[in-house]
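One-letter residues, chain by chain:
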Amino acid sequence: MEQRTLLALLVFSSLIVLAEALKPAIEIYSLHVDCKVTSRFAHTVITSRIVNRANESREATFEVELPKTAFITNFSMSIDGKVYPGVIKEKAAAQKEYDTAVSRGQSAGLVRIRDRKLELFHVSVSIAAASKVTFELTYEELLKRQLGKFELLIKVRPKQLVKHFQIDVHIFEPQGIRLLETDSTFMTNDLTEALTQVQNETKAHILFKPTMDQQRANPELDDTLLNGDFVVRYDVEREATAGDIQIVNGYFVHYFAPSEMPVFPKNVIFVIDRSGSMAGRKIEQTRDALLKILQDLRPEDHFGFITFSNRVVEWKSSLLPATQENVASAAAFVQTLSARGGTDINGALLSAVGALDKAKDLPERSVSMVILLTDGQPTSGETNVEEIQENIQKAINGKYALFCLGFGFDVSYKFLEKMALSNGGIARRIYENADAALQLQGFYQEVATPILMKIEMQYPENAIEGLTRNSFTLFFEGSEIVVSGKIRNELDLLPVEIKAQSHTSDLTLKEEANVKEKEQIFQDQRYIFGNFIERLWAYLTIQQLLEKAISAPEEDQKALEAQALELSLQYSFVTPLTSMVVTKPADQQQGELANKPTEADNEKPNNRLVGASLKNSTSRFFGMPSEDDLAASRMKTGSAPISRLKSRVRAQPVVHEHPQFLLQLPKLSETICLNIDGKAQPSVQLLSDPEQGLTVTGKLGDGTNRFVQFGINYVNPPVQIHVSTDGIVVSHNNQNTRLPWTESATSTIQGLRVSVEKERSFTASLPDTVTVKISLVKFPDDFLGLYFLDTNHFSDKVSGVLGQFYSKAQFKDNSNINQRADERLLTVSGSEHKVSRMYKKDYRLESAHGPVSCWSTDVTP
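Residues numbered from 1 in each chain as written. Predicted model: local features only at pLDDT ≥ 70, side-chain atom pairs only at ≥ 80, totals over all residues. Heavy atoms only, no water.

1. Digging into the nonpolar core
Okay, so step 1: In this structure, Phe661, Ile712, Ile721, Phe762, Leu786, Phe788 and Phe805 are the most contacted members of the largest nonpolar core, which totals 60 residues.
Okay, so step 2: Looking at which element gives the most residues to this core, the answer is strand β46 (residues 783-789), with six residues.
Okay, so step 3: In this structure Phe762 touches Ile712, Ile721, Val723, Ile728, Trp741, Val754, Ser755, Val756, Val772, Lys773 and Ile774, once residues within four positions along its chain are discounted.
Okay, so step 4: Counting residues in hydrophobic clusters, the runner-up holds 55 residues, among them Ile79, Phe121, Val169 and Val232. (Core = buried A, V, L, I, M, F, W, Y, C linked by side-chain atoms within 4.5 Å. Buried < 20%, exposed > 50% of the residue type's maximum accessible area, 1.4 Å probe, protein only. Helix = DSSP H or I, 4+ residues; strand = E, 2+ residues; numbered from the N terminus. Contact = heavy atoms within 4.5 Å.)

Here is the structure:
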């Protein structure tokens, strides 16, 4: 009896030890997101509290994905009671301080663009055993109304269970809350019980506070469900007046969003790039989007298509009304779009403007616009971007609006942005994701319903100073005009007059705001954060000054940027003109520099901040240790101190040669770099998925460890594709079609689309299946780089040397403190593979052009 009791105690104590060992060494024990939205202006504070439960120093990393439209206003970290604040400085001064730090062997942090909506803030610090650190980040943004709703997006990705997890969203809208909804990409029935929503006429409080059990993805494991978007959408009540004016401490903001007005007929010309670089997925997604957009045209609209490569082709000689017959004819034309040749942007846009100039029988009151979609630089016709911008501005001369969509990262976004802003439109980047067609449709929906034009918001000149933009070319249904300024004199009444043109008449709307009554609304409101309208005014002014500087002459540009810089420093905003210097404990010698990236910065790697820019696409969230940084700090180390090694490696990471294969594993949110030892088996069965009807084989080159041939076999349709460094052969029904690498081409066989992008890549895609992509790499020796897109379509039955990684790969627990941080164990089909964190050259065309951080391993077939 005593022996059984003793044995039970030993087992129980062993289980306790095992449970403790499985706990993460760096533990987030508290995570709080506190967001206060007052009249669309959102003030968000994220606080992450972390403890090091290891018996040695460990690195804690704080990463937050925040909206691109937000400005960081404050950051600090507190280690064992001592606070290390971030200091916002003029960018050149901060850079000088950073350069000094680099000369001492220190490294830099980075805010970098994450995707089309988000950017990533990252900072890390080494903390001693049993010590705690508190990170706190504050950012502010003006919520933009799109398609009738304001959206507040909070990215949730803690990567571990958090004992005290809480999101608080407080909303105060004096106009009244008309609609309120909460959504998330990770919500379950259990998590729904942790969500509460309280609302009255003008206020709302959303609280999300899940327990650890509710966060748990599996009762027996510590995996968390919290991984995705937490979104609050709302709209406000509006009266049929000249909008709503709000006043606090001498600053006012005026919101104007009329509704239920007749929509202007549109005269729209779609200018579509069909050059060789659009081949494959891009042109396919463009076709899909245009087919949907055609269905959204109104019968009173007129439309036309101009496609261009090195030749410019008009679909029809004039604009056509959007009748059912004309839309059907256009849809048939869109289906035939293929990609090859150069890029004559100048010729195409001039043709579009000419078509609008000569158009006849258009509605008297209508809105004319040109929508350009391109994915590259001008390579045919006029190629000087400044000449093109000047040509287009002279041709349009304020008559039409130009909207420029840049597909991917080979395009010059600055070029498109300046051209659009100079001609009454906007620019937007379309990201090369699976939802690119939806991005194109979403943009069109934003501009599809113009209801006002030539809008002038007029205020008494002698009573207002610092007025933000108050003149607007177009107003689209579902959006909102925001004007702000400072009331100079003591006023009892603030008058406003709005003049605009609607489809049926010229409008004049008048309103007077009682200053004292308006200020009284915001007294003693716990939702208010200080002088929020003044900060809103500064935020809006900075954004508009920077936007105006894009299309201004050089001498005016400097003056505009100087004004924006002064306001950025005065109100402590991290903008493209300022940087935040993050201070750290002196013994760590780790200066961090946070800059505000612009969309144009995303086109090329930031060589100075190479350590941060080389992170893989997998995102972490507040406070989780970054595998990249842990790996860099321990990479191939001897016994040198972690902080000194990390600084040196980050400044100049070791980049290894191309791997044979790059696998993006959706289930693990990780990238695997894989090399296969094929000496004994030159032809390798790489992948087979019976549910997808897809098989892929590969063959190594003679005397090289590189793959130079791939075979791709489809069951339905029955197609065999042989891809080699010499060319591509497509076989169907005993007929062979040869596609050389020397020219771009696209072909479709019973829904299977195969395309060649000249000297770059081959793509095979079927709807709702995995896309197979092969890059032709020409340096140092010709070889082929295979990878897959839309890998969530793989079934659980996928097998083969590569296929098994998509269905049966799983990381073993990494909590053993004796295990190096840059090494892990990956189990695949019952076998264990030691994987090491490395930087490898990336042959994938969709990725940034720098190296990729991945888990690297070798396998034998």
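There is more to say, and it comes next.
2. Re the packing of aromatic side chains
Okay, so step 1: Within the structure shown, the criterion is met by 35 aromatic pairs.
Okay, so step 2: Ring centres 6.0 Å apart and planes at 75° place the aromatic pair Phe305 and Trp315 in the edge-to-face group. Of this pair, Phe305 sits in strand β19 (residues 302-308) while Trp315 sits in the loop between β20 (312-314) and β21 (320-321), placing them 10 residues apart in sequence. The pair formed by Phe305 and Trp315 is uniform in burial state, with each residue classed as buried.
Okay, so step 3: Between the aromatic rings of Phe661 and Phe707, the centroid separation amounts to 5.0 Å while the plane-to-plane angle is 55°, which identifies the pairing as tilted. Of the two residues, Phe661 sits in strand β34 (residues 661-665) while Phe707 sits in strand β38 (residues 707-714), which places them 46 residues apart along the sequence.
Okay, so step 4: Through a chain of ring-to-ring contacts, three or more aromatic side chains come together here, namely Phe270, Phe303, Phe305, Trp315, Phe333 and Tyr444.
Okay, so step 5: If you follow Arg40 out to its NZ or CZ, it ends over the ring of Tyr255, 3.7 Å from the centre.
Okay, so step 6: Taking the ring centre of Phe783 as reference, the NZ or CZ of Arg706 above it sits at 4.6 Å. (Phe/Tyr/Trp six-rings, centres within 6.5 Å; stacked < 30°, edge-to-face > 60°. Lys NZ or Arg CZ within 6 Å of the ring centre and 35° of its normal.)

3. As for unusual backbone geometry
Okay, so step 1: Here the residue pair Asn716 and Pro717 is connected by a cis peptide bond, since its omega of 5° sits within 30 degrees of zero.
Okay, so step 2: Relative to the helices and strands, Pro717 is located in the loop between β38 and β39 (719-724).
Okay, so step 3: If you check the backbone angles, Ala130 has positive phi at about 65° while not being a glycine.
Okay, so step 4: Relative to the assigned elements, Ala130 resides in the loop between β7 (118-127) and β8 (132-142).
Okay, so step 5: Residue Ala130 is classed as exposed on the basis of its relative accessible area, which comes to 61%.
Okay, so step 6: Although it is not a glycine, Glu759 sits at a positive phi angle of roughly 55°.
Okay, so step 7: Within the secondary structure layout, Glu759 lies in the loop between β43 (752-757) and β44 (761-765).

4. Some points on the sheet that holds strand β41 (residues 735-739)
Okay, so step 1: With antiparallel pairing, six strands are arranged side by side in an open sheet as β36-β37-β38-β39-β40-β41. Strands at the two margins of the open sheet, each flanked by one partner only, are β36 (683-689) and β41. Here the strands of the sheet are splayed against their neighbours by 15° on average, with no regard to which way each runs.
Okay, so step 2: Inspection of the sheet shows strand β40 (residues 727-732) paired to β41 by five bridges, in the antiparallel sense. Among the inter-strand pairings, His732 is bridged to a residue of β41, identified as Gln735. (Pairing = 2+ DSSP bridges. Axes fitted to C-alpha atoms, helices over the stretch in contact; angles between N-to-C directions.)

5. Concerning helix α9 (residues 413-421)
Quick reminder: α-helices carry 3.6 residues per turn. Residues three or four places apart thus point the same way.
Okay, so step 1: Counting buried residues along α9, seven of its nine residues qualify, which places the element largely inside the surrounding structure.
Okay, so step 2: On its buried side, α9 packs onto α7 (345-358), β22 (367-374), α8 (385-396), β23 (401-407), β24 (427-430) and α12 (532-550).

6. Comments concerning the pattern of salt bridges
Okay, so step 1: This model, assessed by the stated rule, comprises 34 salt bridges.
Okay, so step 2: With a closest N to O distance of 3.3 Å, Arg157 and Glu65 form a salt bridge. Remark: Glu65 occurs in strand β3 (residues 58-67) and Arg157 occurs in the loop between β10 (149-156) and β11 (164-172); sequence separation between them is 92 residues. Comparing Arg157 with Glu65 shows no difference in burial state: the two are buried.
Okay, so step 3: Glu480 is the salt-bridge partner of Arg238, the closest N and O atoms lying 3.2 Å from each other. Of this pair, Arg238 sits in the loop between β15 (228-236) and β16 (244-248) while Glu480 is found in the loop between β27 (471-476) and β28 (481-487), placing the two residues 242 residues apart along the sequence.
Okay, so step 4: Because the salt bridges share partners, they merge into one network encompassing Arg40, Arg145, Glu173, Arg178, Asp235, Arg238 and Glu480. (Salt bridge = Lys/Arg side-chain N within 4 Å of Asp/Glu carboxyl O.)

7. Points about the packing of helix α5 (residues 281-296) against helix α10 (residues 436-447)
Each packed pair of helices is defined by two parameters, the angle between the axes and the distance between the axes.
Okay, so step 1: Running from N to C, α5 and α10 cross one another at 30°; their axes reach a closest spacing of 8 Å. If you check the angle between α5 and α10, you find them roughly parallel. Considering only the axes of α5 and α10, their crossing is right-handed. Residue-level inspection shows Gln285, Thr286, Asp288, Ala289, Lys292, Ile293 and Asp296 of α5 in contact with α10, the latter providing Ala436, Ala437, Leu440, Gln441, Tyr444 and Gln445.
Okay, so step 2: Along the lines of polarity and charge, the residues of the contact of α5 with α10 split into six nonpolar, four polar and three charged. (Parallel < 35°, antiparallel > 145°, perpendicular 65-115°, else oblique. Left-handed = near helix turned anticlockwise from the far one by under 90°. Nonpolar A, V, L, I, M, F, W, Y, C, P; charged D, E, K, R; others polar.)

8. Things to note about the pairing of β43
Okay, so step 1: Most of β43 sits inside the fold, with six of its six residues counted as buried.
Okay, so step 2: Neither face of β43 is open: one carries Leu752, Val754 and Val756, the other Arg753, Ser755 and Glu757, and all of them are buried.
Okay, so step 3: Summarising the sheet, strand β42 (residues 745-749) and β43 pair through five bridges and their orientation is antiparallel. In the strand pairing of β43, Thr748 is matched with Arg753.

9. Overview of the sheet that holds strand β26 (residues 464-465)
Okay, so step 1: Reading across from one edge, β16-β17-β28-β26 is the order of the four strands in this open sheet, with antiparallel pairing throughout. Two strands bound the open sheet, and with one partner strand each, they are β16 and β26.
Okay, so step 2: Contacts between α12 and the sheet are confined to β16, β17 (251-256) and β28, with β17 contributing the most and set at about 65° to the helix.

10. Things to note about the state of the cysteines
Okay, so step 1: Within this structure, the stated rule accounts for one disulfide.
Okay, so step 2: One disulfide bridge connects Cys673 with Cys854, the sulfur atoms lying 2.0 Å from each other. The S-S bond linking Cys673 to Cys854 shows a torsion near -110°; that makes this disulfide left-handed. Of this pair, Cys673 sits in strand β35 (residues 670-676) while Cys854 sits in strand β50 (residues 852-859), and the two are 181 residues apart along the sequence.
Okay, so step 3: Taking the relative accessible area as the measure of exposure, Cys673 reaches 1% and is therefore buried. (Disulfide = S-S within 2.5 Å.)

11. Let's talk about the packing of α12 against helix α13 (residues 554-570)
Okay, so step 1: At a minimum axis distance of 9 Å, the contact between α12 and α13 shows a crossing angle of 160°. Taken together, the axis directions place α12 and α13 in an arrangement best described as roughly antiparallel. The two elements α12 and α13 cross, and the hand of that crossing is left-handed. When α12 is examined against α13, the residues Trp537, Thr541, Ile542, Leu545, Leu546, Lys548 and Ala549 are found in contact with a partner set consisting of Gln557, Leu560, Glu561, Gln563, Ala564, Leu567 and Ser568.
Okay, so step 2: Each residue belonging to the contact of α12 with α13 can be placed in one class, and the counts come to eight nonpolar, four polar and two charged.

12. Digging into α8
Okay, so step 1: Taking 1.5 Å of rise per residue, the 12 residues of α8 would be expected to cover 16 Å, and the 16 Å separating its terminal C-alpha atoms lies within 8% of that figure.
Okay, so step 2: The set of residues buried in α8 consists of Ile388, Gln389, Ile392 and Ile396. Projection of α8 onto a plane perpendicular to its axis shows the buried side chains occupying an angular sector of 100°, all on one side. Residues of α8 that are exposed and angled more than 90 degrees away from the buried face: Glu386 and Lys394.
Okay, so step 3: Close packing links the buried residues of α8 with α7, β23 and α9.
Okay, so step 4: Capping of α8 at its N-terminal end is provided by Asn384; its side-chain oxygen lies 2.9 Å from the backbone amide nitrogen of Glu386.
Okay, so step 5: Asn397, located one to two residues past α8, shows a positive phi value of around 50°. (Expected span 1.5 Å × (residues − 1). Arc of directions from axis to C-beta. Polar contact = N/O pair within 3.5 Å; in protein donor to acceptor, adjacent residues only side chain to side chain.)

13. Details of the environment of Glu382
Okay, so step 1: Checked against the element boundaries, Glu382 lands in the loop between β22 and α8.
Okay, so step 2: For Glu382, a relative accessible area of 29% corresponds to the partly exposed category.
Okay, so step 3: In the structure, Glu382 is positioned 37 residues away from Ile345 in sequence and 8.0 Å away in space, judged by C-alpha atoms.
Okay, so step 4: In this structure Glu382 touches Asp344, Asn346, Glu387, Ile388 and Asn391, once residues within four positions along its chain are discounted.
Okay, so step 5: Among the polar contacts listed, one links the side chain of Glu382 to the backbone nitrogen of Asn384, at a separation of 3.0 Å.

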